[in-house]
Every structure is written in C-alpha cells, then in structure tokens.
Protein chains: 2
Amino acid sequence: MSVIYDKIAIIGVGLIGASIALGARRAGLAGHVVGCDADPAVAPEVDRLGLVDSFTTDAVEAVADADLVIMAVPVGVLGDLAAAIIPAMKEGAVLTDTGSTKRSVIRDVDPHVSGHIHWLPSHPLAGTEHSGPAAGFAKLFEGRFWLILPREVPEEVVARFEQFVSGMGSVCERMDADYHDKVLALTSHLPHLIAYTIVATAVDLESQLKNDVIRFSASGFRDFTRIAASDPVMWRDVFINNDEAVLEMLQRFSEDLSYLQRAIRWGEKDKLETLFSRTREIRRSIIDAGQS
Amino acid sequence: MSVIYDKIAIIGVGLIGASIALGARRAGLAGHVVGCDADPAVAPEVDRLGLVDSFTTDAVEAVADADLVIMAVPVGVLGDLAAAIIPAMKEGAVLTDTGSTKRSVIRDVDPHVSGHIHWLPSHPLAGTEHSGPAAGFAKLFEGRFWLILPREVPEEVVARFEQFVSGMGSVCERMDADYHDKVLALTSHLPHLIAYTIVATAVDLESQLKNDVIRFSASGFRDFTRIAASDPVMWRDVFINNDEAVLEMLQRFSEDLSYLQRAIRWGEKDKLETLFSRTREIRRSIIDAGQS
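In this text, all values refer to a predicted model and were calculated from it rather than measured experimentally.

**Examining the relation of the copies chain A and chain B**
Here comes step 1: Of the two same-sequence chains, chain A is brought onto chain B (RMSD 0.0 Å, axial shift 0.0 Å) by a rotation of 180°. Read as a symmetry element, the transformation amounts to a two-fold axis. The rotation axis passes nearest to the C-alpha of A:Asp223 in chain A, at a distance of 3.7 Å.

**Structural notes on the pairing of strand 4 (residues 68-71) of chain A**
Residues and elements named next belong to chain A.
Here comes step 1: Side chains Leu 68 and Ile 70 of strand 4 all project onto a buried face; the interleaved residues Val 69 and Met 71 project onto the opposite face, where all are buried too.
Here comes step 2: Two strands pair when backbone bridges link them, and strand 1 (residues 5-11) and strand 4 are joined in this way by 4 bridges, in the parallel orientation. Bridge pairing links Ile 8 to Leu 68 in strand 4.
Here comes step 3: With 4 bridges connecting them, strand 4 and strand 5 (residues 94-97) associate as parallel partners. Paired with Met 71 across the bridge in strand 5 is Asp 97.
Here comes step 4: Note that the unit made of strand 4, helix 4 (residues 78-85) and strand 5 has a crossover that is right-handed.

**Focus: helix 10 (residues 232-241) of chain B**
Here comes step 1: Most of helix 10 of chain B is tucked away, with 9 of its 10 residues classed as buried.
Here comes step 2: Listed in full, the buried residues belonging to helix 10 of chain B are B:Pro232, B:Met234, B:Trp235, B:Arg236, B:Asp237, B:Val238, B:Phe239, B:Ile240 and B:Asn241.
Here comes step 3: Looking at the buried positions of helix 10 of chain B, the neighbouring elements they touch are helix 11 (243-265) and helix 12 (269-288) of chain A together with helix 5 (103-109), helix 7 (177-203) and helix 11 (243-265) of chain B.

**A closer look at the interface of chain A and chain B**
Here comes step 1: Contact residues are listed per partner, giving 76 residues for chain A and 76 residues for chain B.
Here comes step 2: Counting only elements with at least two residues in the side of chain A that touches chain B, the list comes to helix 7 (177-203), helix 8 (207-215), helix 9 (219-227), helix 10 (232-241), helix 11 and helix 12 of chain A.
Here comes step 3: Here the side of chain A that touches chain B is composed, by residue class, of 43 nonpolar, 17 polar and 16 charged.

**Quick word on the pairing of strand 5 (residues 94-97) of chain B**
Residues and elements named next belong to chain B.
Here comes step 1: The alternating pattern of strand 5 places Val 94 and Thr 96 and Leu 95 and Asp 97 on opposite faces, both of which are buried.
Here comes step 2: Here 2 bridges tie strand 5 to strand 6 (residues 118-119), and the two strands are oriented parallel to one another. Considered in strand 6, the bridge of Val 94 is made with His 118.

**Regarding the sheet that holds strand 7 (residues 122-124) of chain A**
Residues and elements named next belong to chain A.
Here comes step 1: In space, the 3 strands of this open sheet follow the order 7-8-9, with mixed pairing throughout. Here the strands that pair on one side only, and so sit at the sheet edges, are strand 7 and strand 9 (171-174). Between one strand and the next, the sheet's axes are offset by a mean angle of 20°, whatever the strand orientation.
Here comes step 2: Note that strand 7 and strand 8 (residues 145-148) share 3 bridges and pair antiparallel. Counted as the bridge partner of His 123 is Leu 147 from strand 8.
Here comes step 3: On top of the sheet, helix 6 (residues 155-167) reaches strand 8 and strand 9; it is set at about 160° to strand 8, its chief contact.

**Details of the domain arrangement of chain A**
Residues and elements named next belong to chain A.
Here comes step 1: Segmentation of chain A into domains returns domain 1 (5-175) and domain 2 (179-288).
Here comes step 2: Just the C-alpha atoms count here: the centres of domain 1 and domain 2 sit 30 Å apart.
Here comes step 3: With 14 residues of domain 1 at the interface, the matching set in domain 2 holds 17 residues.
Here comes step 4: Its residues assigned to classes, the side of domain 1 that touches domain 2 comprises 5 nonpolar, 6 polar and 3 charged.

**Quick look at the sheet that holds strand 8 (residues 145-148) of chain B**
Residues and elements named next belong to chain B.
Here comes step 1: One open sheet holds the 3 strands; their spatial order is 7-8-9, and the pairing between them is mixed. Among the strands making up the open sheet, the edge pair consists of strand 7 (122-124) and strand 9 (171-174). Going from strand to strand, the sheet's axes swing by 20° on average, the running direction of each strand aside.
Here comes step 2: Inspection of the sheet shows strand 8 paired to strand 9 by 4 bridges, in the parallel sense. Across the sheet, residue Trp 146 finds its bridge partner in strand 9, namely Cys 172.
Here comes step 3: Across the sheet, helix 6 (residues 155-167) touches strand 8 and strand 9, and the angle it forms with strand 8 is around 160°.

How each quantity is defined
Residues numbered from 1 in each chain as written. Chains lettered and ligands numbered in written order. Predicted model: local features only at pLDDT ≥ 70, side-chain atom pairs only at ≥ 80, totals over all residues. Least-squares fit on C-alpha atoms with pLDDT ≥ 70 in both. Buried ≥ 20, exposed ≤ 12 C-beta atoms within 10 Å, placed from the backbone. Helix = DSSP H or I, 4+ residues; strand = E, 2+ residues; numbered from the N terminus. Pairing = 2+ DSSP bridges. Right-handed = clockwise from strand over helix to strand, strands pointing away. Contact = placed C-beta atoms within 7 Å. Nonpolar A, V, L, I, M, F, W, Y, C, P; charged D, E, K, R; others polar. Axes fitted to C-alpha atoms, helices over the stretch in contact; angles between N-to-C directions. Domains from an automatic or database assignment.

Below is the structure:
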C-alpha cells in the first residue's frame, strides 16, 4: 500500500481513534500520524502502546500541516472542536469525523467550515463495547462498512479518502445524512437503547434476585449486558443528537411490543408463532448478506 | 466416567436432546441411549449423525426399561407426553424435562405422575439459535448451569441425576419453580421477546429501508437477529407458559424504557449518562462471575 496522506491528525484517541492509527500505520497509508487527546490520562497510554508518531494535547497544534484531520470524539463536542481547529487547518486539507449521528454533526460543524478545507462527514460501522486507547486494534475496520457523506466535496477528494479507508479494509458506501440517521436508528441506536433499558431493569431488582440474574444470566441477557457496557458519554450524545429518528423507531417498537404483550396475555399462540417465524427469515437474510 | 444409568430415553431429538445424547455417550454415562421423535423428518437425520444406540417414533416403546427418561420437547406438549409415557415407565425410573418454564411444567405433568416413578423437573441453561438434531453438540452443557427442582424426590435419586448432568460438564444448582420462572423471565424470556420485537419492527419497514437495515446491520441489531432466529414453537410455548412472570418483567421494562424515552425527548443528558454508567457495572459483575 502506498502513502495516501503525508500527515494525518487524529483528534480523540479512544477505541476508534486508536484503531485508525494502528490500521493506517500498519497499511502504510500515512507518512506521519499525530494523535491528540484532551484527557491527560490518555497520553501515557498512547505512549506505552506506541500508537502514533507524535502526540499532543493541543488540537490546534495537532492539525497544523495535516492533510487529513479525523475527529474521533463523542458527537456532542464536534461543533466546538471544529470551531477551534478549522482556522488552523492548511489549505485543501480534508476534515472528517467518525460520529454515529450525521444530521446533528453537519448541523454543528457546518457553521464553522470555511472554503479552504474539505469537510467530509463519515461513519465507520465498527466498534466494540470496550473504550479507550488500549481497546483499539488494527483490524477493527476490516470487512466493515464505512459510510461517507460526499455532499459538495469534489470527487477526487472523496475518492482519495475512500482509498484511505479501503486501505484499512473497510467497504465504502456513500449515503446522505437523513437516510443514514434513519438506518442507524434501527440497526444500532435502538438496540443499544433497549439493551441499556433491560440491564437497567435488572439493576433495580431486589438484591438476591439481582445477584441470581447476574449469576444465571443466559445467552439473551448476557448479550444485552455486553451492548450495555458501551461508552456512556458517546451513547448519551448519540441519543440526544439522533433524537428524532430514535424516537420514531422507538414508537414503532413500542407498538410492536404491545402487540406481543397482548398476544401473551390472551394466550394467542398462532400470532406469536407466525411472528417468530418471520423474524427467523431476517436472520437468514443477514447471513446471506455476509454480515453475521 | 462410569455408567450412571443403564438405559436412558430421550424424547425429542432436537438441539437439546441431540446434545444430551452426544454428551452422555461421549462421557460414558449411559449403557444404552434410545432416541425418540414424533417428527418423521428427524429419524433419518438421527441415523445419519449416529446420535443414539437405538431410535423409535413411539414414545411408549422408548421408555420401556429406561432408568432415566428425558423429555426434551416444547413445554406446551409436556402434559400430554407425560400422560402417555408414565404408565409405561418402569418402577423407580426417573422422569425429567428440559423446559425453560417450570411452574407450567409442574402444573401440566404433576396430575399424571404416579408413585412408581420419580418426577424431577430440570432446566439446562444452554442453547443456541439453531434447532434440530444436526444442531446438537457434545459440549453444549460444559460450564453451563443445569437447574434442578428436587421437591419431594429422595436425596439419593437427586444426587445420582446431578452426577449424570455433572458428567456432561454442567454445574448443578437446586431451585424452586417460582424463583426459577422469575429469574428466567428476566435473563432469558424478556430478552428473547424484545429481540423478536425489534426484528419484527424491521420486517415491517418499507422495502428499501428494510434491505439497508439488513445490509448495514451493526453489532446491536445483528446480535438481536441471532436471538430472534431461535425456534418459534419452543419460544411461543415459553411465553404462553411463563406469561405471569414475563408480563411482570415486561411492565418494569416498559416503565424504564419510558423514562429513557422522556429523557431523550427533553434532552436530559445527565439522566442518560448516569443510567448508562450504572449498566456498565452489571457487565463487570457478569465477567467477574465467569459467565461472559
């Protein structure tokens, strides 16, 4: 693989930022990777793990001379971060993010964008329930989609960025913000919200029952606790910033849940079996799509 | 391992029944394993896979001379099955089941029990989203709990059965039916109900969006589809037969979900972050308990 960008700056060296640093360096996609994180606890970790070529706690310093700037921070702080770094970015540089919501990110960042840079929002569909720099790994993006919102950015700039993320093993897909937020509301945000809720329900049980729920946690609940262990600040910001699409999907979900609840209460076996058979088919489609 | 029962009969050779046959034979826990399944499609599969020492489609024939009879069928048919086979069972034989609900199983089977046998309900906390004889494997129960409801059964009979399931690698735990159904309602039944619901919500989306939900299914939704691919008849029976405990947990869940929904609608960031941080701790408890 050849160098795509001479210098890239990664602002926020958590699970995603660290994985980009590792993936890009392994594939030789960047001449120099500078990491930046405002959290003083991160610097020694990044150093210990040898994640980047250089590190600073000052975002303005980090973006100087960078050809690509990746904001890998919770979506709630993207507006302020963009306001601070864009004036310091060099002419023709590319600015992207990795946030799980896109309408809010565009709303918050757009006002600070000036004509000397290319602002290209994106979202890698990859992650784990772990967070922090030590959670990162080079193969995180392999075989995973990386959604890109080209908007007004020139084709050659978009294509070069796609070369970069493809170099880390990702599959590129272009999308617009409205559609992105709707798809993600159902595939990711609502499942996380529900997992958080059911684990919260367990937290509030009387202590003996709660202990046994933990002890005997069968596959269903155990999977939910894994999802519900994801980064609290990142997910708080996701729900606040994709509230419209999440609330709409939640409304549909609640109606469907009420339907099943009523079927259980009235012992309507046929309704349950029919619905459970239909959901089984979706799993087959996902396996066929190679995403299982 | 030495032989615990000279002859065991497994009624219902699906995922669980096949796994017991394989696990018991591998560990040498039974002198002879007879399999029985009413589904005509099962016999050739059982034969092809070499799961049992002998096979019959007649449950009454299967239980003759058996020292242990395991009913591994959906909980909805246990009453009728017990009525048919108990009179044909030999003096002092043990009858057990593997159902995911225990109050309903006891309610349905108890009326048919006579004094010449020992009726010992049980429930292995193990399974996958696959079903049928080909889904079975010998290690399914390794390190997993097997819940046993001793009730009035003599201690030596219970202890011998515990030796049998321990021989397959399970961890035995005694429990009563009310408590079992409450714990399972939250650890297993409610998560399955919710997974079925969210996947059903996706099924009803307009087709383009539905296709993209499948295509871009991120980790949250993908995990749910796996759970929602579980056996429809088995789960229909579980919900119908543990309706009381499931509806109670569902009520608590709905209240907690409304709380989060309201917090999202009103942008109450602190409430979300606090709750998400608490759920993260539950995951740590499960990892500490060695059940992750």
